[in-house]
Amino acid sequence: MPGLRHLVSIDDLSLDEIKKLFVHARTFAADLRASSELCRGMIAASLFYEPSTRTRLSFESAMLRLGGGVITAADMRNLSASKGESLADTARVVSGAYADIVVLRHSSEGAARLAAQYSTVPVINAGDGAHEHPTQTLCDLYNLWIERGHIEGLDVVLAGDLRYSRTIHSFAYALARFGANVVCVPAPGFEMPDYVLQRLREEFGVEPQRADAKSLGDLATQSDAVYLTPQKPHQLSLFTDARGFAIDRVDALYMTRPQTERHPSGAQLENYLQLGRRELSAESLRDAVVMHPLPRKDELSEDLDSDPRAIYFKQAARGVPIRMAILASLLGRLPALEREPASTTKHHPVTEGANPCVNPTCISRTEARHVPPQYRVSSRHPLRVHCGYCSHAIPLRLVGCSTTRHWHDPESVELRKVRPDHLVFLADLAEAERLGFAPATRANAPA
Amino acid sequence: MPGLRHLVSIDDLSLDEIKKLFVHARTFAADLRASSELCRGMIAASLFYEPSTRTRLSFESAMLRLGGGVITAADMRNLSASKGESLADTARVVSGAYADIVVLRHSSEGAARLAAQYSTVPVINAGDGAHEHPTQTLCDLYNLWIERGHIEGLDVVLAGDLRYSRTIHSFAYALARFGANVVCVPAPGFEMPDYVLQRLREEFGVEPQRADAKSLGDLATQSDAVYLTPQKPHQLSLFTDARGFAIDRVDALYMTRPQTERHPSGAQLENYLQLGRRELSAESLRDAVVMHPLPRKDELSEDLDSDPRAIYFKQAARGVPIRMAILASLLGRLPALEREPASTTKHHPVTEGANPCVNPTCISRTEARHVPPQYRVSSRHPLRVHCGYCSHAIPLRLVGCSTTRHWHDPESVELRKVRPDHLVFLADLAEAERLGFAPATRANAPA
Amino acid sequence: MPGLRHLVSIDDLSLDEIKKLFVHARTFAADLRASSELCRGMIAASLFYEPSTRTRLSFESAMLRLGGGVITAADMRNLSASKGESLADTARVVSGAYADIVVLRHSSEGAARLAAQYSTVPVINAGDGAHEHPTQTLCDLYNLWIERGHIEGLDVVLAGDLRYSRTIHSFAYALARFGANVVCVPAPGFEMPDYVLQRLREEFGVEPQRADAKSLGDLATQSDAVYLTPQKPHQLSLFTDARGFAIDRVDALYMTRPQTERHPSGAQLENYLQLGRRELSAESLRDAVVMHPLPRKDELSEDLDSDPRAIYFKQAARGVPIRMAILASLLGRLPALEREPASTTKHHPVTEGANPCVNPTCISRTEARHVPPQYRVSSRHPLRVHCGYCSHAIPLRLVGCSTTRHWHDPESVELRKVRPDHLVFLADLAEAERLGFAPATRANAPA
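Just so it is clear, the structure is predicted and the values come from calculations on it, not from any experiment.

Asks: Describe helix H10 (residues 319-330) of chain C, naming the residues involved and giving the relevant values.
Replies: At 3.6 residues per turn, the α-helix brings residues three or four places apart onto the same side. Residues and elements named next belong to chain C. Helix length check: H10, at 12 residues, gives a terminal C-alpha distance of 16 Å against a target of 16 Å (1.5 Å per residue), a fit within 8%. Counting buried positions along H10 yields 12 of 12 residues, so the element is predominantly enclosed. Buried residues of H10: Gly-319, Val-320, Pro-321, Ile-322, Arg-323, Met-324, Ala-325, Ile-326, Leu-327, Ala-328, Ser-329 and Leu-330, and no others. Immediately downstream of H10, the backbone of Gly-332 shows phi near 80 degrees, a positive value.

Below, the structure written as structure tokens:
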């Protein structure tokens, strides 16, 4: 639907839009009860295919504080499983007349994007598997903005499980977009994955550097800190930081719990970081606000709760005004969003061959019967292609052109001439042959 | 309670009342947010003893759009099972001060009628087992009315599982009341049951005829179509159709999914109908709107979704305004309903002997300890008696008169003299003797 | 938080405050829809760690009738278990911005007190295990007040399971505070526990007496009735009753169902009381209103439902206006409550040794890792100490003083000199020695 905005990914929002949301959220936060007429007569549908009470209550509170109504399916999975309706159908029905906005939580990556394709009202992604949780990311950024007054140039430590934590990856990308500097302090075995570093490098121009972490003191003794800094002016970042790699003064320390529900069996938690007063004693951390997405387990000691640097309960509370800003903006009641999203990444249907996405929990595979696969091209040289739903990289073996019926090596310069929507992803020679693709060598030119 | 209206069965509403509801629904649909003060201050209780997210959300959305509030028990069965409260007590408590209207979904047939007997506020039946789902039926009729401008005289094809689908039976009765013509296109093995045809014949004056279904083309090749037409002017139908039995032009095609949850084990689904573009290619179907109660499975191909005849997503969306009309009318905020229901079928308590209802999922059996059995007489000559809760036919073996203490053969003309509320349903001679009934022969006259 | 009122226990309210709540409730009840602006813009969070649909719906209805909104977690236990958040953290987060008041149901005794310690908004205890359910007690008292015009001096029969019923114990204490007289008619084996009688005696000045129960007729034939009467003017009771022990005329009969879910295995229910018309036939019961907290099972015959003395459905309905009064008062929208609670019982942290609470379902044990044990001293001579959360008596073996490092026999007069917040509860000599406590004999005086 043209003109209909969704919040599927934090990338759907420009930096300017995000800042406008922050200003609105701050106004809401000043008096949470002052806007109870803004969305009067409107209804949000909370569709939670996996339970997440906190996220759900935060959204529902936000909608009620705007004067709107809420209809709730707190455990859609169990409720609809027996009748086995496709997510596309559910999105169409619920958006038909039931609700004016849909808040969707789902265990499959890409579910929110799929729902947005079929919904006739705005869809907000309240978490799609291990993929994105944009309102959490916005809430985290909003907290930095409120606490520090700006985000650009801040030094932010990300600590704990940097491997399996969804929120950390989205947060890192967003910090990079805003031109903040990121210091990674992973628990051993929980380092930031290569594909995240690659995306930071290729899409956000951020170059990882080994940092001198001595100044972090006890915090870093169990970890290898890596410093990520924007190396070249990034088109979207307003400011860059030209300082060196010594970590003098940390603005914020973001701690995460181990995402045990996503760990492979055998993940070692014995050496997981535990954040307490001692780990915060370094001079460089003297003014760092301590953040955590909650709920916490042992990684965040209760002895920190009374420390003035601990803002994690405030952080959670701020989820309500920022969600109020998001809901009211998407419902057209606040002037924060442009008519069309700034991001113009095209999504192309997979026209030939099997679904090239290799992520088994992608919505294109968990609902394979109903979901036509899509891809997007994130880089043309070198060619990088991602699933249009779950954003996993599509492995490139042989790449065909649907017009010339030739296939190419993924590194081939010839590929540069192929239009993105003509790409065909072939598993092997057998599939290429079956679908009628010939190798793009001279020998194969018409002879 | 005199003057208190419920919606337990579609039969609770006169045709005139139904049409008034349609007019109100159409007004609501024109601007779903325009009536957010109509039921301000009122509360609906959603009591769902079996989950049905779609129906629940539709009702809750309707109540919120009217400005009312909603309290929800999405899975009453699990929640209250441990304390084992009777439905009658629950109805009394919830209607006491908690809610101004009760929306009840239950797995036992007749549950809504029972609740209505004890509730001090209106009860809406949101589905009672395999019995009735009157708001679904109203929604279906409303769709016909919106799409075609009227219902009388329409030719409506019912296709798929005509045997186990609750909605189809109620829909067929309602179409007959309105004087529409019904063409049955069942999947093999899923024909309309005899007791439905019998009721159509005896209560609605509809005579089934074998139809010439050639004009339906591919749709009918796997099925034996039967045409049902009002043969004599029916008292409640405003118009009748005097056309012949050739099916020239179908106005609507109502497809159903196989109700596998109600199928006996061993039901064969291999040959179930699949509706796609090909099955809709016959000339007679050129203008037919395609309806489906959703959710769908394989019986309704996604290739139809973009066909202009496919209205099933609109159909679902229209469930909200029609439910707004029902809620507001029962709450006394719209002038659609008479003070008393037009239907005057008396329900009589079973005063002697065991509960004659043979339906094991009738509320009079699932809550046998709390529910006094009832019956209603749907025909006196021949005598037809139905359970007052679940509407199942009561098998007549020996029928006594509680005054004369005589029993009669169910076919006996003597029975015509017995007042309906004096009937006693006796399982066999032994029970007759035990309860003190003698045979009504001359030999038994005072001698 | 100073100035922040909670309703954790009925003892949090003075008799004067309770009566003001009654007056407000009566006003609400006169027109349940007349106050739909009183709490406009405010949100209640229903956090139910064990399901209790009736209580939840009653609170939610009350909040909606006040014009407020509700966010609901109907089964927190299942929803949050996987992430294992402490109740203290949940209380902090939900009270942060999500809700303006928290309604908490939990299976652990003391949970509401714990939540109140961390919440920044009022907490209402909607039942904490077998401990308290103050709004049920208030509802029961309100019913007496409405039906009889006052509570002081009423003769109230408590019948059925007086052993395991939470509501009965709280109700008995409250009746004693109000100066009503209580007649216990327990089912055999379900007598009022000694610790309840002890508390009635020691805290409320009520002396149990064997009553002449002949006048109760059939009701008492299966039971040994005990009459509890305030023997000395109780400081908080406005009136006392100086009549004798013959039971002439009962004002109210409160029947309870057997609390089978709390019974030890092997509890005998064969002889449980069954209340029907026959048991109510005694002259002394001619005007007694019959109450029951519902749901009922067999202990309350349906043949009573039409008896004008039966008020149990009215009783349930009155739960809504009394909860409206509680919600609106705690939210500061009604002038019923003082700024500070009248009850000034100090709670002291356990500073040394293990948690002395022996109740395995106390929140201080079910969430042992997060909950610092507390105690309160209910009597200094003799020393009686109770768990600050679940109110279970703390067994006194050796009692130390954290300053002198001496331990004493619990009966020792020396203990009178120890400040309440200096008490240390020692399991045995070994623990005393390990923690550095010496016996408080002359031999241990500085020598």
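Asks: Explain the interface of chain A and chain B residue by residue, including any values.
Replies: The partner chain B presents 22 residues to the 23 residues of chain A that form the contact. When residues of the side of chain A that touches chain B are traced back to their parent elements, those giving at least two are strand S1 (43-48), strand S2 (69-73), helix H3 (76-81) and helix H4 (87-98) of chain A. Among the elements that take part in the side of chain A that touches chain B, H4(A) stands out by supplying 7 residues, more than any other. Considered class by class, the residues forming the side of chain A that touches chain B number 12 nonpolar, 6 polar and 5 charged.

Asks: Mind laying out the relation of the copies chain A and chain B, listing which residues take part and the relevant values?
Replies: The transformation that overlays chain A on chain B combines an axial shift of 0.0 Å with a rotation of 120 degrees, and the residual RMSD is 0.0 Å. Taken together, the rotation and translation relating the two chain copies correspond to the operation of a three-fold axis. Minimal C-alpha separation from the rotation axis in chain A is found for Gly69(A), amounting to 5.0 Å.

Asks: Explain the domain arrangement of chain A residue by residue, including any values.
Replies: Accessible area lost upon the coming together of the parts is a frequently used measure of interface size. Residues and elements named next belong to chain A. According to the domain assignment, chain A contains domain 1 (10-133 + 318-330), domain 2 (135-316) and domain 3 (348-444). Summarising the inter-unit geometry, the C-alpha centres of domain 1 and domain 3 are found 33 Å apart. The interface is formed by 11 residues belonging to domain 1 together with 13 residues belonging to domain 3. Looking at the side of domain 1 that touches domain 3, the elements with two or more residues in it are H4 and helix H5 (111-118).

Asks: Before we move on, can you summarise the sheet that holds strand S11 (residues 348-349) of chain A with the specific residues and values?
Replies: All names here are of chain A. An order of S11-S12-S13 is seen for the 3 strands of this open sheet, with the pairing classed as antiparallel. What marks the edges here is a single partner per strand, and that holds for S11 and strand S13 (383-387). Relative to S13, strand S12 (residues 374-380) runs antiparallel, the two sharing 5 bridges. Note that in S13 the partner of Arg-376 across the bridge is His-386.

Asks: Run through the sheet that holds strand S13 (residues 383-387) of chain B, naming residues and quoting values.
Replies: Residue and element names in this part refer to chain B. The 3 strands are arranged S11-S12-S13 in an open sheet whose pairing can be described as antiparallel. Either end of the sheet is taken by a strand with one partner, and the two such strands are strand S11 (348-349) and S13. For S11 and strand S12 (residues 374-380), the ladder comprises 2 bridges, and the chain directions are antiparallel. The partner of Pro-349 across the bridge, within S12, is Gln-374.

Asks: Give me helix H2 (residues 53-65) of chain A: which residues, what numbers.
Replies: Residues and elements named next belong to chain A. Taking 1.5 Å per residue, 13 residues should reach 18 Å; H2 reaches 18 Å between its end C-alpha atoms and fits that length. Judged by how many residues are buried, H2 sits mostly within the fold: 13 of 13 residues are covered. Just downstream of H2 lies Gly-67, where phi reads positive at about 90 degrees.

Asks: Tell me about the pairing of strand S5 (residues 155-160) of chain C, and name the residues and values.
Replies: Here is the key point about a regular strand: its side chains alternate between the two faces of the sheet. Residues and elements named next belong to chain C. For S5, the tally of buried residues reaches 6 of 6 residues, placing the bulk of the element in the interior. Handedness of the crossover joining S5 and strand S6 (residues 181-186) through helix H7 (residues 166-178): right-handed. Across 4 bridges, the pairing between S5 and strand S9 (residues 252-255) is parallel. Across the sheet, residue Val-157 finds its bridge partner in S9, namely Leu-253.

Asks: Requested: an account of the interface of chain B and chain C, with residues and values cited.
Replies: Chain B puts 22 residues into the contact, and the matching count from chain C is 21 residues. Mapped by element, the contributors of at least two residues to the side of chain B that touches chain C are strand S1 (43-48), strand S2 (69-73), helix H3 (76-81) and helix H4 (87-98) of chain B. When the residues that make up the side of chain B that touches chain C are grouped by side-chain class, the tally is 12 nonpolar, 5 polar and 5 charged.

Asks: So what about the environment of Thr345(A)? Which residues, and what values?
Replies: Assignment of secondary structure puts Thr345(A) in the loop between helix H10 (319-330) and S11. Residues Thr345(A) and Glu367(A) lie 22 residues apart in sequence; the distance between their C-alpha atoms is 24 Å.

Asks: Run through the packing of helix H6 (residues 134-148) of chain B against helix H10 (residues 319-330) of chain B, naming residues and quoting values.
Replies: Residues and elements named next belong to chain B. Where H6 meets H10, the closest approach of the two axes is 9 Å, and the angle between their N-to-C directions is 120 degrees. It follows that H6 is oblique to H10 by the angle criterion. Handedness of the crossing formed by H6 with H10: right-handed. Note on element contacts: H10 touches H6 through Gly-319, Ile-322, Arg-323 and Ile-326, opposite Thr-135, Leu-138, Cys-139 and Tyr-142. Classifying every residue of the contact of H6 with H10 by side-chain character gives 5 nonpolar, 2 polar and 1 charged.

Asks: Tell me about the pairing of strand S1 (residues 43-48) of chain C, and name the residues and values.
Replies: Residue and element names in this part refer to chain C. Judged by how many residues are buried, S1 sits mostly within the fold: 6 of 6 residues are covered. Judged from the 5 bridges that link them, S1 and strand S2 (residues 69-73) form a sheet pairing that is parallel. Residue Ser-46 lies in a different strand from S2, and its bridge partner there is Thr-72. After leaving S1, the chain enters helix H2 (residues 53-65) and then returns to the sheet as S2, a path that is right-handed. Where S1 meets strand S3 (residues 101-106), 5 bridges bridge the pair, whose relative direction is parallel. The partner of Ala-44 across the bridge, within S3, is Ile-101.

Cut-offs applied
- Residues numbered from 1 in each chain as written.
- Chains lettered and ligands numbered in written order.
- Predicted model: local features only at pLDDT ≥ 70, side-chain atom pairs only at ≥ 80, totals over all residues.
- Helix = DSSP H or I, 4+ residues; strand = E, 2+ residues; numbered from the N terminus.
- Expected span 1.5 Å × (residues − 1).
- Buried ≥ 20, exposed ≤ 12 C-beta atoms within 10 Å, placed from the backbone.
- Contact = placed C-beta atoms within 7 Å.
- Nonpolar A, V, L, I, M, F, W, Y, C, P; charged D, E, K, R; others polar.
- Least-squares fit on C-alpha atoms with pLDDT ≥ 70 in both.
- Domains from an automatic or database assignment.
- Pairing = 2+ DSSP bridges.
- Right-handed = clockwise from strand over helix to strand, strands pointing away.
- Axes fitted to C-alpha atoms, helices over the stretch in contact; angles between N-to-C directions.
- Parallel < 35°, antiparallel > 145°, perpendicular 65-115°, else oblique.
- Left-handed = near helix turned anticlockwise from the far one by under 90°.

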